[in-house]
Amino acid sequence: MSEKSNKSFLRSAEAVVSMSLLAVCTAVASAYWILAFKEVPLGPNALTPVKTSASTPNSSADESAALDALKHRLQGDFTRLDQQRELLEQRSELERRAQMAEEKAGNAERRAEHTQTQVQAAAAQSAPSSALPQPAIPMQAAAPVPARVPVRTEAAVDWKSCRRPEYPSSSVERGEEGVVMLSFKLDANGAVQGSEVLNSSGSTMLDDAALRALSKCHFEPATEDGAPVVSVAKMRFRWHLGN
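A few points on the structure. (Residues numbered from 1 in each chain as written. Predicted model: local features only at pLDDT ≥ 70, side-chain atom pairs only at ≥ 80, totals over all residues. Heavy atoms only, no water.)

## Focus on the pattern of salt bridges
Cut-off, in case you're wondering: A pair is scored as a salt bridge if a Lys or Arg side-chain nitrogen falls within 4 Å of a carboxyl oxygen belonging to Asp or Glu. Helix and strand labels come from DSSP, where a helix needs a run of H or I of at least four residues and a strand needs a run of E of at least two; each type is numbered from the N terminus. Each residue gets one of three labels from its accessible area relative to the maximum for its type: buried under 20%, exposed over 50%, partly exposed in between, using a 1.4 Å probe on protein chains only.
Per the counting criterion, the structure on display carries seven salt bridges. Here Glu93 ties to Arg97 by a salt bridge, and the two come within 3.1 Å at their closest N and O atoms. In this pair, Glu93 and Arg97 both sit in helix H2 (residues 57–131), four residues apart, roughly one turn of the helix. For Arg97, a relative accessible area of 52% puts it in the exposed group. Among the ionic pairs, Arg152 bridges to Glu224, the shortest N-O distance being 2.7 Å. Separated by 72 residues along the polypeptide, Arg152 in strand S1 (residues 152–153) and Glu224 in strand S6 (residues 222–224) bring together distant segments of the chain. On the accessibility criterion, Glu224 (32% relative accessible area) is partly exposed. One salt-bridge network, held together by shared partners, links Glu93, Arg96 and Arg97.

## So, the nonpolar core
Side chains that are nonpolar tend, in soluble globular proteins, to be buried together. Condition: As used in this record, nonpolar core signifies buried Ala, Val, Leu, Ile, Met, Phe, Trp, Tyr and Cys residues forming a set joined through side-chain atoms within 4.5 Å. In what follows, a contact means two residues having at least one pair of non-hydrogen atoms within 4.5 Å.
Formed by 19 residues in total, the largest nonpolar core has its most connected members in Leu182, Phe184, Leu214, Phe219 and Trp239. For this core, the leading source of residues is helix H4 (residues 204–214), giving five residues. Setting aside residues no more than four positions away along its own chain, Leu214 makes contact with Pro165, Leu182, Phe184, Phe219, Met235 and Phe237.

Here's what the structure looks like:
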């Protein structure tokens, strides 16, 4: 029921109660006059009532009882009217609060819909730009870091420590000459650990003689960044018969 309907109902109830009060008052007045003139003898002409000087005791008691009954009835009517008014006011207050809650809920829902619409609009505006293909950024290959080359020195023979190879007599008689290429494996101290003939002079005797003599030479070891390391040294020796 709306507030307008409640007010109309209250006005209708008040009108009914007013009419009831008017009817009750009319009834009280009628009862009073009826009690006042009850059992009063009529005059000679039977038309004009003869007024008595005072009411009888029984008529006064009946009148008081009737008035009390009407009073109680009126009080009951007023009490019911007040209760109806209170109920209507409470119901109107509850409906008003419910309407306010519905209005708040509707406002919150409208704000949520508005916010969602704004978010969707913002997303629609940003979608085309994000959907465009982004230009590929060429990746530049990182320049290779050059590997550090250690500083190396090759092994060197100490010619002062060497003894010149002796020419084999048989090779002298046959007139053998030639150049032999030898290889020596050196440790970190420069000592010879092994040797071999890389290129022969053409004479096995000359190759063996050179290999035996030069293996006794002392070598300066090879180094890397100043530190001695194991290495291989090569030596070329020429056999030549002088005049």
